[in-house]
Structures are given as C-alpha cells and as structure tokens.
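Tertiary structure, described
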Protein chains: 2
Amino acid sequence: MAPAPAPTHPLVRHLRSTTDITSDDLDALLSLMRDQQDVDKGYEVVREGDHPTRCCLLLTGFACRYKLMSDGSRQIVAFNVPGDLPDLLSLHLGVMDHSLATLAPSRLAYVPHDALRQLTAERPKLTACLWRQTIIDSSMFLEWMTGLGRRAAPSRLAHLICEVMARLAIVGLVDEGQTILPVTQADLADALGLSYVHVNRILQEFSREGLLDFRRRLLTVHDWPRLKEIAEFDPTYLHLMQPATID
Amino acid sequence: MAPAPAPTHPLVRHLRSTTDITSDDLDALLSLMRDQQDVDKGYEVVREGDHPTRCCLLLTGFACRYKLMSDGSRQIVAFNVPGDLPDLLSLHLGVMDHSLATLAPSRLAYVPHDALRQLTAERPKLTACLWRQTIIDSSMFLEWMTGLGRRAAPSRLAHLICEVMARLAIVGLVDEGQTILPVTQADLADALGLSYVHVNRILQEFSREGLLDFRRRLLTVHDWPRLKEIAEFDPTYLHLMQPATID
DNA sequence: CGCATCTTTGAGAGTAATCAAACGCGGTGG
DNA sequence: CCACCGCGTTTGATTACTCTCAAAGATGCG
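Everything in this summary refers to the structure shown in the same document. Nothing here was measured: the structure is a model prediction, and the numbers come from that model.

**A look at the interface of chain A and chain B**
Counting from both sides, the interface comprises 47 residues of chain A and, opposite them, 47 residues of chain B. Counting the surface lost from both chain A and chain B, the interface buries some 4200 Å², and carbon and sulfur atoms represent 68% of this. On the surface where chain A and chain B come into contact, there are four salt bridges. Among the ionic pairs, lysine 67 of chain A bridges to glutamate 143 of chain B, the shortest N-O distance being 2.5 Å. Counting across the interface, chain A meets chain B through 18 residue pairs in polar contact (both at pLDDT 80 or more). When contributions to the side of chain A that touches chain B are tallied by element, the ones reaching two or more residues are β5 (74–80), α3 (113–122), α4 (124–150) and α6 (185–192) of chain A. Looking at the side of chain A that touches chain B element by element, the count peaks at 20 residues for α4 of chain A. When the residues that make up the side of chain A that touches chain B are grouped by side-chain class, the tally is 22 nonpolar, 16 polar and nine charged.

Structure representation (structure tokens):
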C-alpha cells in the first residue's frame, strides 16, 4: 500500500504558499508555538473588546471571525482554516474590534506578543512575511465586501465556497472535490449577509443543478468549472505564490 | 483677530492620531515624499492588475479604492482622505487586486517601494507603525463589511457619513459640522451596495428629518448625536490614540 | 428513545432594484 | 446675456429579490 504523505505542518504549507519565508525564519516562528490547547466547537478565542497579549495559530479545526450587532445578528467576516494566524492583527492593535471563535473542535497554538515582537524586531524578512500575511487577509476582506455589496446571492454563495475550497486545498484538506466544511447553513448565512432560509434554498438549487451538495458538513463539488463561473472566482486576491491548487 | 492655526501636514496629523510614531521616524518618512504631483478628479493612481513600484500619499483632495465587476458595476471599498497612504499595501503585494482613483482634484506624493523597504529594514518602530496602519485599514473594511451584510440601508449610509466625518475631522477638514465631501450620490451608492436612486431617497429622508443635508458636495450635519445613534457608530474600530474628535 | 440542532417548506410582507423620464444647476460658447 | 449642454439629482411606477414568521421534517447524540 502507498504510504500516507508526510504530514506537513499546516502553518508551513500556508506560509510557503503565500510568502517566500525562509526555513530559518519559519523555524524561529515555529519554536514559539509550544503552548498548545485543544478546544471544543464554539470556543471563543478572543472577544471584541479584549486586549490580547498573544496571538494564536489554528492547527486543526475551523474558526471564524465575526462582529455582533446590537440586534443580536452576527456578521461573519472571515473563516479560518488550519495554518491560519486568525488574530495576528492583535499584535499591533490594542483592542480587538471583532471576535474569534471555533466552529469545530480545534487545536490551537499560542504565541505571546512579546516573543513575536522581539522576533520581528530582529528579523525584517520574517516581519515582511507576516505583514504580507495581514495584508492578504485584508485582500480577502475586500473581495468579500465586493461580494456583499454587488454580487447576487447565488454568486455570493458560490464565491464563498470557491474561496474556502481553495484555502482548504492549500493545506491538503480537499480530496476529490470533497471536504469537510464544519459550518451550518446559518453560519453561511451570517457570512453572506443572507437569511439561513434563503441560503438553504440556494443550496437546494445548486444541488438540483448537479453543481454541488452540502449536507451534514460534507461539501462535495461536482462541477468545479461551473462553480467558478457562477462565482466569477479569480484567485488573484489570495496572492498565492503558485497558481491555485484546484482545477 | 485670532491667527489661523499652524497648518500641519496631513500625514503627520493622521499618523500621530493612530500610532505612536516618533518625530524621528516621521521625518525619515517625510523625507522620502519629495516627488509630488497634482492630478485631476477621476485620475487612476493604480489599477487592478498593476504591479506598482511605489506607494502614494494623499496630500489634498479625495480618493477611493474600488473593484469593478464584470457587469460594469463598481464596489467602492474605501474612501481616502488627506493624510492617508491609500496603497501602502502594495509594498507587500505583487499585484494590485483593486484600483485607486481620485474623486476630486488632488495632490499626491510618491514614495518608491525600494526606499520604503530600506527604511523599514532599518527602523522596526516605524515598520510597526506602518504595519499597524494597514491593519487599521483592515479594521475599517471589517466594519464596512458588517454594514453591507447586516445594516439596513439608512443605518449603513449614516455609518459611512460618520466614519468619513470622523476621519476628515482628524485632519482638520470639518468645520462646525460642515465639510466638503467631494462625491456624488452615485459614488455613495457604489460604496454602500445600493442603487443611487435609493441613496437619494434616504438622503431626502435624512434632510426632511433635519438630520443632515448633502447638496452639491457640501455635507452639513445638523444632529450629530442622532446620526451616530442611527448609525450605531462606535469609533473603536478606527483605533485612534485619542478619543474621537467630533462630539 | 428522546431531545437538541439543523434543515426544509410555505405563505405573506417589505425593502430595494430597475426603468424611464424630467428637472436643476453650473459652465461654455455664441 | 442668453441658449445650450452635461452632469447629477429627483420622481414615479413597476418588478423582484430576500426576509420574516411559523411549523414540520431530519439527523445525530446521549
């Protein structure tokens, strides 16, 4: 039987795919990641208003960043996949202006701000890589905003699925067009600025058309080219060093 | 008569209000800003797909960043006021994934990426300030996204006006609740994900209620507290070092 | 087996888009 | 000085997308 592929650290996969980080800087960064924790789904890593003193790395699982409105509604502004540094921005922001929570049982690693700040003071190249990382984040926000503002609901949903698939593929979590996407339709709705009822109807339409199926957290894309077409998905904004990994 | 207040450089006002930059770093940065240019309204500073080799500083005028959709519609993702470094992110991004254009006659200063990169390699403190700056940008995107996804149209418009007023106030461009906002209602619509017809109707409603008037690029806010209330405007996400400047 | 969570369905209501046309104002040129 | 022109704004009528509310099915976990 074929041996399982060497399990590469997701952070390594992630950073290598979006930056030209050196092995040396990578090792230095990884050496700070000793403090790890397993958490359940629904764990709030940081909350709006917090003054965090450390950043976290998502090793396994799934997370999202969101803001809560006064009427109780929630806008999810980002999904995070393994390898992401979801709250890296807290390094340069006193106060969190949004929250971060897991959507699935997850493993987190923590890096104290102090250590990270010292590391960046010593290593300009690494600093540039991490800075670039936060900027790519903001690129994704821009794309998301554009979807919220100007894309019709089906295209918006398709685009979100394309993005998440692409990012999961980078860290090796997509197999034959299938992936576990541990979110509910209500979570998708919160990300898309739609109601969950409407999301449900669009998903049914997609399924009826043979485009994809999303049931019980298992996402199966049957027709990636057409999905990309509906989404008008252009992965440029992910700023990958190599061309996209699905096609 | 009272002497006019000393005209401070807008970049200085801006950076001082959002970071703890030192005078020394500030001078170093300013010394790179020699290359200046006056441009007309509608000038495209950088375009989606470009590979810029310099960043710009908006000295006077008004600009916006936007993405164009295949159907010709436009999503404005940010407005830029004097003192902003609207495309600082291009320093760490090979390709622009959105465009930047002026909305009013403006004066720009350019800084080559080379020079800026060298400066950041030498000055970790300055790097942190600029990094922070790009992160605050991304905070504003998050707030904007939340508005697009979850705020009703009137609240969304009110929020945008609050933000722009607050940021103009920082650089001293608001006087007695009045400011020149050099955008059309169609521009506002492109920023808000609404049609210009709808924006017009909301503005009329605001005017009828005595909340504000926006005519021929002159914005007059009559009832700032109520505007903030409608917008649920909480300036935390602007990450100002001092509390907000209007109240 | 029972409960909690998540998904699905239907009906009715509203918000905002679209289309089309008129209006107002400032600038230009005769 | 007036007529015209263009940009931006305003208006009205119609359409349609999406939400809300309410309730019924599924599914999986304990």
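**Overview of the protein's contact with DNA strand D**
Near DNA strand D lie 15 residues; those nearest to it are Ser195 and Arg216 of chain A together with Asn200, Arg201 and Gln204 of chain B. Among the atoms of DNA strand D close to the protein, meaning within 4 Å, 76% are from sugar or phosphate groups. If you tally residues by element for the surface near DNA strand D, the top one is helix α7 (residues 196–208) of chain B, at four residues. When its residues are assigned to classes, the surface near DNA strand D shows four nonpolar, seven polar and four charged.

**Some thoughts on the packing of helix α5 (residues 153–170) of chain B against α7 of chain B**
Residue and element names in this part refer to chain B. With their axes 10 Å apart at the nearest point, α5 and α7 run at an angle of 75 degrees to one another. Our classification of the angle between α5 and α7 gives roughly perpendicular. Facing α5, whose interface residues are Ala153, Pro154, Leu157 and Ala158, α7 presents His198, Val199, Ile202, Leu203 and Phe206.

**Some points on unusual backbone geometry**
Residues and elements named next belong to chain A. Residues other than glycine seldom take positive phi values, yet glutamate 176 does so here, at roughly 55 degrees. Here glutamate 176 lies in the loop between α5 (153–170) and β8 (178–180). Even without a glycine there, the phi angle at glutamate 232 is positive, about 50 degrees. Looking at glutamate 232, the relative accessible area reads 36%, which means it is partly exposed.

**Let's talk about the nonpolar core**
Counting residues in each nonpolar core, the largest one holds 107 residues, and the members touching the most others are Phe62 and Phe79 of chain A together with Phe62 and Phe79 of chain B. If we skip the residues at most four places from it in the chain, phenylalanine 79 of chain A touches Phe62, Ala63, Cys64, Asp84, Leu103, Trp144, Leu160, Val164, Arg167, Val183, Asp187 and Ala191 of chain A. Within the second largest apolar cluster, 52 residues are counted, among which are Leu93, Ala109 and Cys129 of chain A together with Cys55 of chain B.

Rules of the game
Residues numbered from 1 in each chain as written. Chains lettered and ligands numbered in written order. Predicted model: local features only at pLDDT ≥ 70, side-chain atom pairs only at ≥ 80, totals over all residues. Heavy atoms only, no water. Contact = heavy atoms within 4.5 Å. Buried area = accessible area lost by both parts, 1.4 Å probe. Salt bridge = Lys/Arg side-chain N within 4 Å of Asp/Glu carboxyl O. Polar contact = N/O pair within 3.5 Å; in protein donor to acceptor, adjacent residues only side chain to side chain. Helix = DSSP H or I, 4+ residues; strand = E, 2+ residues; numbered from the N terminus. Nonpolar A, V, L, I, M, F, W, Y, C, P; charged D, E, K, R; others polar. Near = heavy atom within 4 Å. Axes fitted to C-alpha atoms, helices over the stretch in contact; angles between N-to-C directions. Parallel < 35°, antiparallel > 145°, perpendicular 65-115°, else oblique. Buried < 20%, exposed > 50% of the residue type's maximum accessible area, 1.4 Å probe, protein only. Core = buried A, V, L, I, M, F, W, Y, C linked by side-chain atoms within 4.5 Å.

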